[in-house]
Amino acid sequence: MPWQEWVGDKTVVEPSIYAADLSRLGDQVEALLDAGARIFHVDIGDGRFIEEITIGPIVVRSLAPLVHGRGGVLDCHLMVAEPGRQLAKVKEAGGDSVTFHVEAVEDVQVTVASARALGLGVGLALNPSTPVEAALAAADAVDLVLCMSVHPGLSGQAFMPEALPRVAQLRRLLPQEVLVQVDGGISLENARAVREAGARLLVAGSAVFWQEDPVASYQALVAEAEAGVP
Ligand code: DX5
Ligand code: ZN
């Protein structure tokens, strides 16, 4: 499972490039690579599963040489209807892992198998209103479960505190090797609590890129996410 290698025993902060200044995307990603970031979150939204049309495989393709050249990975969050249709395109563009929404597919197992056949890492995403049990049937076959802490669509929304007990519940119910990821409203105020609830992957958009100094903000989040870990 590639994710185990990428993460090791750390708590990872994943900059979400949806929130970046896209006119300076390469420079911003390079600065974060210099600061130690290795897993970058890419939000692919289609205007159907979510209202917003976000970024897609052509951006993955542009970033892949830079990120892969530094030993990094592109973690693609598919906020799209019919995600199965996008897997090969994301892979071909240089995506390393895909996380699709259980609400967007008829058969979770089939889509997981298609992603695996392409050699992708695989995650299952849950909207805030979807019972955590929806992730369990295919849990043995995936690397991570993404617990949304906002309604998917936009960066900059407030963290929903209801996500914390859901993270803890997922951590209890999932096999130990399946990572819990949290996406939406992660900030210095909640990063530690999110990790303590059981998450190892913290996606952060506005808390990194909408700050005056994205690198310093990323570093502060990493410190906070790991605070109290011996
Ligand atoms: C929004 C996306 C998120 C977004 C996070 O639905 O899935 O990844 O970029 O941004 P923040 O951290 O600002 O909530
Ligand atoms: Zn996301």
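Residues numbered from 1 in each chain as written. Chains lettered and ligands numbered in written order. Predicted model: local features only at pLDDT ≥ 70, side-chain atom pairs only at ≥ 80, totals over all residues. Heavy atoms only, no water.

A few points about the overall build of the chain
Next, step 1: Each helix and strand in the chain was counted, giving 9 helices and 8 strands.
Next, step 2: Taken over the C-alpha trace, the chain has a radius of gyration of 16 Å; the compact-globule value for 230 residues is 17 Å, and the two agree within 12%.
Next, step 3: Overall, the C-alpha framework of the chain stretches about 45 × 35 × 35 Å when taken along its three principal axes.
Next, step 4: Scored against the burial criterion, the 230 residues of the chain give a buried share of 56%.
Next, step 5: Sequence-distant contacts, at least 24 apart, represent 66% of the contacts inside the chain between residues at least 6 apart.
Next, step 6: Side-chain charges of the chain comprise 16 positive and 30 negative groups, with the mean position of each set lying 4 Å from the other. (Helix = DSSP H or I, 4+ residues; strand = E, 2+ residues; numbered from the N terminus. Rg over C-alpha atoms; globule rule 2.2 N^0.38 Å. Buried < 20%, exposed > 50% of the residue type's maximum accessible area, 1.4 Å probe, protein only. Contact = heavy atoms within 4.5 Å. Lys, Arg positive; Asp, Glu negative; His and termini not counted. Charge placed at Lys NZ, Arg CZ, Asp CG, Glu CD.)

Concerning the nonpolar core
Next, step 1: Judged by nonpolar contacts, the single largest core of 64 residues is most densely connected at Ile17, Phe40, Leu78 and Leu124.
Next, step 2: By residue number, the principal contributor to this core is helix α3 (residues 57–69), which donates 5 residues.
Next, step 3: Once you skip the residues sitting within four places of it in the chain, Leu124 turns out to touch Thr99, Phe100, Val102, Val108, Val112, Ala135, Ala138, Val142, Leu144, Val145 and Leu146.
Next, step 4: Val7, Val12, Val73 and Leu179 belong to the second-largest nonpolar core, a separate cluster that totals 12 residues. (Core = buried A, V, L, I, M, F, W, Y, C linked by side-chain atoms within 4.5 Å.)

Points about the coordination of the zinc ion (ligand 2)
Next, step 1: Taken together, the protein donors to the zinc ion (ligand 2) comprise His41 (NE2), Asp43 (OD), His77 (ND1) and Asp183 (OD), at separations of 2.0 to 2.3 Å.
Next, step 2: Geometry at the zinc ion (ligand 2) is octahedral, judged from its 6 donor atoms and the angles of 72 to 172° they form at the metal.
Next, step 3: Here the donor residues of the zinc ion (ligand 2) share one chain and are spaced in sequence as H-x1-D-x33-H-x105-D. Here Asp43, found in strand β2 (residues 39–45), pairs with His77, found in strand β3 (residues 73–79); they are 34 residues apart in sequence, far enough to count as distant. Note on accessibility: Asp43 and His77 belong to one class, buried. (Donors = N, O, S within 2.8 Å, 3.2 Å for Na, K, Ca; no water. Tetrahedral: all angles 85-135°; square planar, octahedral: opposite > 155°, others 65-115°.)

Thoughts on the pattern of salt bridges
Next, step 1: A complete count under the given rule lists 7 salt bridges for this structure.
Next, step 2: With a shortest N-O distance of 3.1 Å, Asp21 and Arg24 are connected by a salt bridge.
Next, step 3: Classification of Arg24 as partly exposed rests on a relative accessible area of 44%.
Next, step 4: Of the charged contacts, one joins Asp143 and Arg116 as a salt bridge, the two residues approaching to 3.1 Å between their closest N and O atoms. In this pair, Asp143 is assigned in the loop between β5 (121–126) and β6 (144–148) and Arg116 in helix α5 (residues 108–117), connecting sequence segments 27 residues apart.
Next, step 5: Judged by its relative accessible area of 26%, Arg116 falls in the partly exposed class.
Next, step 6: When salt bridges that share partners are traced, they join Arg48, Glu82 and Arg85 into one network. (Salt bridge = Lys/Arg side-chain N within 4 Å of Asp/Glu carboxyl O.)

Some points on the packing of aromatic side chains
Next, step 1: Taken as a whole and judged by the stated rule, the model has 1 aromatic pair.
Next, step 2: Each ring, one from Trp3 and one from Trp6, has its centre 4.9 Å from the other, and the planes form 65°; the classification is edge-to-face. Of this pair, Trp3 and Trp6 are both found in helix α1 (residues 2–7), 3 residues apart, which corresponds to roughly one turn of the helix. (Phe/Tyr/Trp six-rings, centres within 6.5 Å; stacked < 30°, edge-to-face > 60°.)

A few points about the environment of Ala93
Next, step 1: Here Ala93 is to be found in helix α4 (residues 87–93).
Next, step 2: Along the sequence, Ala93 and Val60 sit 33 residues apart, while their C-alpha atoms lie 5.9 Å from each other.
Next, step 3: If we ignore the near neighbours within four places in the chain, the residues touching Ala93 are Pro57, Val60, Arg61 and Ala64.

In short, shape yes, function no, at least from these values alone.
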